Amino acid sequence: MKSKTNRYIIIFAISLISGVGFISYLSPNNSIYKTGLITILMGMIFLSYCSIFNGFSFKPYAHLSRKGKTMAFVFNIFFSSVLFFSLQGSRLTLHNGSIIGKGLVSLAAFLSLNAVTLFLIACIINLKSDSVNEKVAKIKILIYALPPCLVFSLYFIAYYPAAMTPDSLDQWSQTITHNFNDWHPVAHTWFIMLTTSLWNSPAAFVITQISILSLIIGYMCYSFEKAGVNKLAIYVILAFMSLIPVNGIYSITIWKDVLYSSLLCLFTIILFNIINTGGEWFYNKINIALFVISSLGLSLFRHNGVLVFSITIILFLMIFRKRLFRLYIYSGVVIVFYIIITGPIYNHYNVTASDPNEALAIPTQQVASVIALEGEMNEKQIAFFNSIFPIDLWKSNYNPYSVDPLKFNQEFDKEFLNNNKKEFFSNWFSLVVNNPKIVIKSYLKQTSVIWQVNQFDDGVVTLFATSIYPKESGEQMGLSNRVINKAVTSNITKVLDQTWRKPTLVMWRPAIYIFLTILLGFTLILRGEWRKSLITIPIFLNTAMLLVALPAQDFRYLYANLLVMCVVILCSLTKENKIAWRI
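First, a word on scope: everything that follows refers to the structure included in this document. Here, residues in each chain are numbered from 1, in the same order as that chain's written sequence. Totals for whole chains, interfaces and linings use every residue, but because this is a predicted model, local features are given only for residues with pLDDT of at least 70 and side-chain atom pairs only at 80 or more, for both listing and counting. Hydrogens and water molecules were not included; the side-chain quantities draw on all heavy atoms of the structure.

This part covers the packing of helix H8 (residues 202–226) against helix H11 (residues 256–276). Think of each axis as a best-fit line through the C-alpha atoms, taken over the contacting stretch in the case of a helix, with angles from 0 to 180 degrees between the N-to-C directions. Numbering of helices and strands runs from the N terminus, with a helix taken as a DSSP run of H or I at least four residues long and a strand as a DSSP run of E at least two residues long. H11 packs onto H8 with a crossing angle of 20 degrees between their chain directions and a minimal axis gap of 10 Å. The angle between H8 and H11 falls in the class roughly parallel. As for the relative orientation of H8 and H11, their crossing is left-handed in sense. Contacts from Phe 205, Gln 209, Ile 212, Leu 213, Ile 216, Tyr 219, Met 220, Ser 223 and Phe 224 of H8 reach H11 at Val 258, Leu 259, Ser 262, Leu 263, Cys 265, Leu 266, Ile 269, Phe 272 and Asn 273. Amino acids are sorted into nonpolar (Ala, Val, Leu, Ile, Met, Phe, Trp, Tyr, Cys and Pro), charged (Asp, Glu, Lys and Arg) and polar (every other residue, Gly among them). Split by residue class, the contact of H8 with H11 holds 14 nonpolar, four polar and no charged. Note that the term roughly parallel is reserved for angles under 35 degrees, roughly antiparallel for angles over 145, roughly perpendicular for angles of 65 to 115, and oblique for everything else. For a crossing to be left-handed, the near helix must be turned anticlockwise from the far one by less than a right angle; the clockwise case is right-handed. The criterion used for residue contact is that any of the two residues' heavy atoms lie within 4.5 Å.

Structure below.
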């Protein structure tokens, strides 16, 4: 008894030291913490160390081979290291104290993250369902869709008829003039036209978007109840998706990214259903139609969508071969429709192609960083980049978090850049080689919204809109906001304002959702259910593509991270359907 007491005293002491170090690392001035949050963090760290000393954290690895245990160890160290770096923010030097002090704080933070990671993996693995398939009435889709629909409607009332920004207004103007430009995917613009054909108001589109997002959430809950997930877990996820302000405000915002992210979430749910049934999900004609329509929307509603879809299907073909033959057939149908729409139909309506320089956001930023920070350049390079944009303007318009001030400046010669891409890349590569430190810092800042949980002190992120902006541009097209209920508008505004403040600001950091998705995917592999981990492929592809072409620090580009994380959480609570795979 005494030895057990002594052990827990030692665990408590280690947890206290490690926890204080972690909190100090995360926020040296303790500016983001309240007593409740500190208690939760310290409690989690204490439980994690108890789990390690009692052996609970290591149980998931007991059945693994020596090679498997080595791979799991490498993953834990790598995951904790990346998360450690992500939480660092601007504090590359943690304090003004000694090197030893900084090192001890860093070590304590890293050990805390590793302990918590091991504990979470062990907990998740032990939470899986005991059942495989349940009979669930399809009416449950509507029942599950009702709570989010009601909550999202409050945001609709608060900011009627919609939240719109210059991107939204550009698309709306195209619905009036019919001068279509694929800068924003024309298919999404046409969908706006379709939904407003009977009622020419942004409200018509918003009602449709609320309905689609709510039904996708409803279908998610229905699918996982059918897969045997505990109803309490489903209710918790349903409440989270209904109440988190991100979903509420985005459901009424006219951005292509909202529907695209919703369809990426639906595509992930469909992949789960296909895998969970061994491909038998396609035996239902309604399911076939759902797959084709949703996959086509995913491919058309954002320019990288077709790559996410196509690469996912190719990877499934390589992994499953003939086992999912129907998936490949119907995917071929999607691609045929995509080619017809973006080819002959786009040509028929004289759709102007999107700017090819959009893909050069990160190289352009890196060039600007070298010029602005007076990195190493020769006269020939200076002359070339001056032909694209005057050197003094490169310097004055450089924003480490957004390429928009450069590419939208009238002096920026897009035509010259487009005609001299080979020389641009040659000079850019030379700058990268000669100025690695500047270029790396530039890249990390430009993509920080993707990988960073604790953002840089000077970081700027575009989160959401609550009105039609710019107001004057909207009014020219007959669009303006109207307060329907002052109390609703006031209360919703207070909720959204709170999300700007730490620690609730973390909900607007997409990295937190992708880290959780990675962790959940790993637990599925550890459990021997690697097939189900493949549903994370689309979201990882979407994230990877943004790592090479992110234009600005907008949460909306990574909104899908939040939605898909919820799908993967529920997936991690299912039991593998061995009958479907004849295991």
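Let's shift gears to the pattern of salt bridges. Only one rule defines a salt bridge in this text: a Lys or Arg side-chain nitrogen within 4 Å of an Asp or Glu carboxyl oxygen. This model, assessed by the stated rule, comprises 11 salt bridges. Here Asp 257 and Arg 556 are joined by a salt bridge, their closest N and O atoms 2.9 Å apart. Residue Asp 257 is located in helix H11, and its partner Arg 556 is located in the loop between helix H27 (537–547) and helix H28 (559–571); the two are separated by 299 residues in the primary sequence. For the pair shown, Asp 257 and Arg 556 are each scored as buried. For Lys 532, the salt bridge goes to Glu 529, with nearest N and O atoms at 2.7 Å. Overall, Glu 529 belongs to the buried group, its relative accessible area being 4%. Buried, partly exposed and exposed residues are distinguished by accessible area as a fraction of the type maximum, computed with a 1.4 Å probe on protein chains only: under 20%, between the cut-offs, and over 50%, respectively.

Two rings from Phe, Tyr or Trp (for Trp, the six-membered ring) form a pair when their centres sit within 6.5 Å of each other. Planes less than 30 degrees apart are called stacked, planes more than 60 degrees apart edge-to-face, and all others tilted. Enumeration over the complete set of coordinates arrives at 42 aromatic pairs. Ring pairs connect the aromatic residues Phe 384, Phe 385, Phe 389, Trp 394, Phe 412, Phe 416, Phe 424, Phe 425 and Trp 428, which therefore count as one cluster. The residue whose ring lies beneath Lys 445 is Phe 456, and the NZ or CZ to ring-centre distance is 5.7 Å. Over the face of the ring belonging to Trp 255 we find Arg 556, whose NZ or CZ atom lies 4.6 Å from the ring centre. Put simply, a charge is over a ring when the Lys NZ or the Arg CZ is close to the ring centre, within 6 Å, and near the line of the ring normal, within 35 degrees.

Further remarks concern the side chain of Ser 299. Positionally, Ser 299 belongs in helix H12 (residues 285–300). What makes Ser 299 buried here is its relative accessible area of 3%. Throughout this description, a polar contact denotes any pair of N or O atoms lying within 3.5 Å of each other; where both atoms belong to protein, one of them has to be capable of donating a hydrogen while the other can accept it, and for residues adjacent in sequence the pair is counted only when both atoms sit in side chains. A distance of 2.9 Å separates the side chain of Ser 299 from the backbone oxygen of Ser 295, its partner in a polar contact. If we ignore the near neighbours within four places in the chain, the residues touching Ser 299 are Gly 305, Val 306, Phe 309, Val 334 and Tyr 338.

Residues belong to a common nonpolar core when they are buried Ala, Val, Leu, Ile, Met, Phe, Trp, Tyr or Cys residues joined through side-chain atoms within 4.5 Å. In terms of nonpolar packing, the biggest core is built from 124 residues, with Met 220, Phe 291, Phe 316 and Trp 508 touching the most fellow members. Broken down by element, the residue count for this core peaks at 14 residues, all from H11. Setting aside residues no more than four positions away along its own chain, Phe 291 makes contact with Phe 267, Ile 270, Trp 281, Phe 282, Phe 309, Leu 327, Tyr 330, Ser 331 and Val 334.

With that settled, consider the packing of helix H9 (residues 231–243) against H28. Between H9 and H28, the least distance of the axes is 11 Å, while the angle of their chain directions is 175 degrees. One element, H9, and the other, H28, form an angle in the roughly antiparallel class. Residue-level inspection shows Ala 233, Ile 234, Ile 237, Phe 240 and Met 241 of H9 in contact with H28, the latter providing Leu 562, Leu 563, Met 565, Cys 566, Ile 569 and Leu 570. When grouped by side-chain class, the residues that make up the contact of H9 with H28 number 11 nonpolar, no polar and no charged.

It is worth spelling out a nonpolar patch on the surface at this point. Surface patches are drawn from residues lacking salt bridges whose relative accessible area is over 30%; two like charges belong together within 9 Å, two nonpolar side chains (Val, Leu, Ile, Met, Phe, Trp, Tyr) within 5 Å. To be clear on the numbers: accessible area is Shrake-Rupley with a 1.4 Å probe, and residue cover counts the displayed protein chains and nothing else. Where nonpolar side chains cluster on the molecular surface, the patch consists of Ile 314, Met 318, Ile 319, Ile 525 and Trp 530 and spans about 490 Å² of accessible area. Among the elements that line the nonpolar patch, the one with the most residues is helix H13 (residues 305–320), at three residues. Examined against the element boundaries, Ile 319 turns out to sit in helix H13. Using a relative accessible area of 37% as the deciding quantity, one classes Ile 319 as partly exposed.

With 12 residues, helix H6 (residues 166–177) extends 16 Å from end C-alpha to end C-alpha; this agrees with the ideal 16 Å at 1.5 Å per step. Listing the buried residues of H6 in full gives Ser 168, Leu 169, Gln 171, Trp 172, Gln 174 and Thr 175. Tucked into the core, H6 has its buried residues touching helix H7 (186–195), H8, H11 and helix H23 (471–476). One or two residues past the end of H6 sits His 178, with phi positive at roughly 65 degrees. To estimate how far a helix should extend, the number of its residues minus one is multiplied by 1.5 Å.

Turning to unusual backbone geometry, a few remarks are in order. The linkage connecting Tyr 160 with the following residue, Pro 161, adopts the cis geometry, with an omega of 5 degrees. Residue position: Pro 161 is located in the loop between helix H5 (139–158) and H6. The omega torsion of the bond from Tyr 469 to Pro 470 falls at -5 degrees, within 30 degrees of zero and hence cis. Turning to its location among the elements, Pro 470 is positioned in the loop between helix H22 (448–451) and H23. Backbone geometry places Asn 350, a non-glycine residue, at a positive phi of 50 degrees. By the secondary structure assignment, Asn 350 is in the loop between helix H14 (325–348) and helix H15 (361–372). Relative accessible area serves as the criterion here: at 62%, Asn 350 is assigned to the exposed category. With a phi angle near 55 degrees, Glu 374 is a residue other than glycine that sits in the positive phi range.

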